[in-house]
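# Survey of secondary and tertiary structure
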Amino acid sequence: MEKDTKSDVPTTQEKKVTERREASQWAVAWRRFKRNKAGLAGLFIVLFFVFIAITSPWLAPYPPRSYQSLYEGDAGQSPSLKHPFGTSNSGLDVYSEVLHGTLGDMYVGVGATAIAVIIGIVIGAAAGYSRGGLSDVLLMLSQIFYTIPLLPLILLAARVFLILVAQGFGLTLIMLLLGVFGWSTIAFIVRGEILRVRELEYIQASRALGASRSRIIFRHIVPNILTPVIVTATLLIAGNILTEVVISFLGFGDVNTSTWGLTIQEGVAYIRTQWWVCIFPGLATLFAVLGFNLVGDGLSDALNPRLRD
Amino acid sequence: METLLEIKGLKTYFFTEAGVVKAVDGVDFQVGKDEAVGLVGESGSGKTVTGLSVFRIVPQPGKIIAGTITYEGEDLLAKSDEEMRKIRGRKISMTFQDPTTSLDPLYTVGDQLAEVIREHQKNISKKEAMEKAEKLLEMVRISEPHLRVGEYPHELSGGMKQRIAIARALASGPSLLFADEPTTNLDVTVQAQVLELIKELRETQKMSLVMITHDMGIVAEMTQRVEVLYAGMMAEVAETHSLFKNPQHPYTEALLQAVPRIDQRKTLRVIPGNIPNLINPPSGCRFHPRCPYAKDICSEKVPPLELTDNGHLTACHFWRSLSLTGT
């Protein structure tokens, strides 16, 4: 902390005191995060994609999955002013598709992670607190979900259930599947962290000094296990986006909603002549995944109390 | 002397998958008002578990299965969880072994002190609690308390952390403090300072002290009376001075011999073997496999606790015939 304030040295000690007191754990974490160039770049990328996702309905010149360019006689055109990312052979405006796909993929990536984190915390916490039978059963359940190859399972489930869901809910289904099958890592982390933190002396000390059960859990245990959960969740968003792209690319996703994977799939047959159809959604995927990974890395450094100076 | 805390026949067992660990197996213990008592033994002798039992915070799968714990005439084991919670920290308090982990790394020193203060005084504002926290830091001799309240534990040295842990334990003015190995993990010079501080605070705060330690030097320095535990059972109870001079239990003698002396040129005597497995403790006297004076009866009969001529309580079949060396 000393290093930060070197440039504007406080004139009196009193001033320094108030400054220090205001430095909550989050402020300290943010200050550390800011110093991490890669993390900051990642954050910029993530915010950029979030902005695109929110504004895509207004930014995109064409509605989702619209083959209008075909009727305008613009199918299969290379990037131009009218079609910044070109058009596909079937008349999709790639620029519009990438923008709409941003919304779809962020929705899946963030939503699936939220579901996985909630399930993972509940199961991991229950496994960490309880002893004996229940703990073993929950641990085994997590291991089963961790061991089974997820992609084929999700592909199969998506194929089966997509027939059943109403049109427009296909992406939500993919999101649910990714979340419901992808919580095991979070559960392991939460369980392990609770086992670690629960035995630490400051937990016993606060118990010995009269802290209530809820205070111990919510003030001393949860915040101390949150760091790895936040970091893993950020990395999980990247993973979920990538998996969604794969599912859509393989044709198992929602074919009525714009996603990056679907656009790549459309273009892959013509990649030799119309490279732009694959390249732009591919780049979007690359940068989104990179962005979230960089943020995750930055967070893991910034939130580690042992690394605070 | 007025009795503050009285433990009778305490049994605290741990029900592990490997079997029942009899960590504390029938221990009596008393602390008088303004008294400093040492609770001594090797790791695993049951001294910390005895302490935790008083607070009723024995970690899972441990359980108090027998005995009574009376504090100021009230039966602590009969209290509801909520009543017990109000006693912890306010009336009886504890500091823990490892100062590096006994403070929560996420909160500033001030926050952690204020938390304890406000836990027991609901109507105090955060600002008042912070001011009180600074006073507490002053009390434990921490320089520039107004700066320290804003610092995180990782910014402090081990000795400072232990002082803060002590300040936190004293935040609500308890009348009895359990100090569990307060000087492990500290430099020798810092150890002396921390002990001096505890000694002083005991007088200024008018509180009783239970010193949980394996260090006979600390016992001599800090306490008036000592209880020696071995493998979850009482070995000897005596006035500190008398215990050092005339130990009446072979384990006490062995502990005293194991203290290095700078004024005597002789090889340090160690106690052979380890503390026994408490799932299947040795039959008879639990110390007999390591005892140099053991005879057949020791493995057959549990020695009763007897009052010796010089006022010790000892659990040895041969206290009458043995002449043990003290220091």
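So, here is what we can say about the structure in this document. (Residues numbered from 1 in each chain as written. Chains lettered and ligands numbered in written order. Predicted model: local features only at pLDDT ≥ 70, side-chain atom pairs only at ≥ 80, totals over all residues. Heavy atoms only, no water.)

### Regarding unusual backbone geometry
Residues and elements named next belong to chain B. The test is simple: Numbered from the N terminus, helices here are DSSP runs of H or I no shorter than four residues, and strands are runs of E no shorter than two. Note on exposure labels: buried denotes an accessible area under 20% of the residue type's maximum, exposed denotes more than 50%, and partly exposed covers the range between, all computed with a 1.4 Å probe on protein chains only.
For the peptide bond that leads from Q60 to P61, omega is -5°, which places it in the cis range. Within the fold, P61 resides in the loop between α1 (47-55) and β4 (62-71). Phi at E72 is positive, roughly 50°, even though this residue is not glycine. Structurally, E72 is set in the loop between β4 and β5 (74-75). Since its relative accessible area comes to 42%, E72 is described here as partly exposed. Even without being glycine, E181 reaches a positive phi, approximately 40°. In this structure, E181 sits in the loop between β7 (176-180) and α7 (188-204).

### Considerations on the interface of chain B and chain A
Spelled out, the test is: Contacts are assigned to residue pairs with any non-hydrogen atoms lying within 4.5 Å of each other. Here's the idea: put two parts together, see how much 1.4 Å probe accessible area each one loses, and the total over both is what we call buried area. A carboxyl oxygen of Asp or Glu within 4 Å of a side-chain nitrogen of Lys or Arg is what we treat as a salt bridge. Two N or O atoms form a polar contact when they lie within 3.5 Å of each other; inside protein one atom must be a possible hydrogen donor and the other a possible acceptor, and for residues adjacent in sequence the pair counts only when both atoms belong to side chains. In this classification, Asp, Glu, Lys and Arg are treated as charged, Ala, Val, Leu, Ile, Met, Phe, Trp, Tyr, Cys and Pro as nonpolar, and every other residue, Gly included, as polar.
Each partner contributes residues to the interface: chain B has 39 residues there, and chain A has 29 residues. With both sides pooled, the region where chain B packs onto chain A buries about 3200 Å², and carbon together with sulfur makes up 53% of that total. When the area that chain B buries against chain A is broken down by residue, the three leading residues are L106, E115 and Y152 of chain B, summing to 19%. If you look at where chain B meets chain A, you find three salt bridges. In this structure, R215 of chain A engages E115 of chain B in a salt bridge whose closest nitrogen and oxygen atoms are separated by 3.7 Å. Here chain B and chain A share eleven residue pairs in polar contact (both at pLDDT 80 or more) between them. Only α1, β6 (92-95), α3 (109-120), α4 (126-139), α5 (145-148) and α6 (158-169) of chain B provide two or more residues apiece to the side of chain B that touches chain A. Looking at the side of chain B that touches chain A residue by residue, the classes come out as 17 nonpolar, ten polar and twelve charged.

### Some points on the sheet that holds strand β8 (residues 208-213) of chain B
All names here are of chain B. Definition in use: Two strands qualify as a pair provided DSSP detects at least 2 bridges between them. Only the contacting stretch of a helix is used when fitting its axis, a line to C-alpha atoms as for every element, and angles between N-to-C directions run 0 to 180 degrees.
Across the sheet, which stays open at both edges, the eight strands sit in the order β6-β7-β8-β3-β9-β10-β12-β11 with mixed pairing between neighbours. Each edge of the open sheet is held by one strand with a lone partner, namely β6 and β11 (306-307). Strand contacts of α6: β6 and β7, with the helix running at about 170° to β6, the strand carrying the most contacts.

### A word on the packing of aromatic side chains
Stated precisely, the cut-off is as follows: Paired rings are identified among Phe, Tyr and Trp, the last through its six-membered ring, by centres lying within 6.5 Å, and are further divided according to the angle between planes into stacked (under 30 degrees), edge-to-face (over 60) and tilted (the rest). We call a charge positioned over a ring when the NZ of a Lys or the CZ of an Arg lies within 6 Å of the ring centre and within 35 degrees of the ring normal.
On inspection of all chains with the given rule, the structure shows 15 aromatic pairs over all chains. An angle of 70° between the planes, with centres 5.5 Å apart, marks the rings of F55 of chain B and F178 of chain B as edge-to-face. With F55 of chain B in helix α1 and F178 of chain B in strand β7, the pair connects residues that are 123 residues apart, well separated along the chain. On the basis of relative accessibility, which here comes to 1%, the residue F178 of chain B falls in the buried class. A network of ring pairs unites the aromatic residues F85, Y95, W275, W276 and F280 of chain A as a single cluster. For R159 of chain A, the ring lying beneath its charged end belongs to F252 of chain A, and the centroid distance is 4.5 Å. A cation sits over an aromatic face here: R219 of chain A above Y107 of chain B, 4.1 Å from the ring centre.

### Some words on the nonpolar core
Selection criterion: The set of buried Ala, Val, Leu, Ile, Met, Phe, Trp, Tyr and Cys residues whose side-chain atoms join them within 4.5 Å is what this entry labels a nonpolar core.
Counting residues in hydrophobic clusters, the biggest one holds 38 residues, and the most contacted among them are L177, V190 and I221 of chain A. Taken together, the elements giving at least two residues each to this core come down to α5 (94-129), α6 (133-147), α7 (150-164), α8 (170-181), α9 (184-198), α10 (201-208) and α11 (213-249) of chain A. Of all the elements, α5 of chain A adds the most residues to this core, at eight residues. Residue contacts for V190 of chain A: discarding those within four places in its chain leaves G120, I121, G124, A125, I225 and V229 of chain A. Counting 37 residues, the second largest nonpolar core, distinct from the first, contains I117, I166, A179 and L195 of chain B.

### Points about the packing of α11 of chain A against helix α13 (residues 276-302) of chain A
All names here are of chain A. In plain terms, the rule: Under this scheme an angle from 65 to 115 degrees is roughly perpendicular, one under 35 degrees roughly parallel, and one over 145 degrees roughly antiparallel; angles in between are oblique.
Between α11 and α13, the shortest axis-to-axis distance is 8 Å and the interhelical angle comes to 170°. Judged on the interaxial angle alone, α13 and α11 are roughly antiparallel. In this structure, α11 contributes I230, V231, T234, L235, I237, A238, I241, L242 and V245 to the contact, and α13 contributes T285, V289, F292, N293, V295, G296, L299 and S300.

### A few points about the pattern of salt bridges
Per the counting criterion, the structure on display carries 25 salt bridges over all chains. For K47 of chain B, the salt bridge identified is with E181 of chain B, shortest N-O distance 3.6 Å. Of this pair, K47 of chain B sits in helix α1 while E181 of chain B sits in the loop between β7 and α7, and the two are 134 residues apart along the sequence. The class for E181 of chain B is buried, based on a relative accessible area of 7%. Ionic contacts of the salt-bridge type, sharing partners, join the residues R215 and R219 of chain A together with E82, R85, E115 and E119 of chain B into one network.

### Some points on the packing of α11 of chain A against helix α12 (residues 260-268) of chain A
Residues and elements named next belong to chain A. Going by this rule: Note: crossing handedness is left-handed where the near helix turns anticlockwise from the far helix by less than a right angle, and right-handed where it turns clockwise.
For the pair α11 and α12, interaxial distance at closest approach is 7 Å and the crossing angle is 40°. Between α11 and α12, the crossing angle belongs to the class labelled oblique. Considering how the two elements wind past one another, α11 and α12 form a crossing that is right-handed. Counting all contacts with α11, which are made through I241, V245, S248 and F249, the residues of α12 involved are W260, G261, L262, I264, Q265 and V268. Its residues assigned to classes, the contact of α11 with α12 shows seven nonpolar, three polar and no charged.

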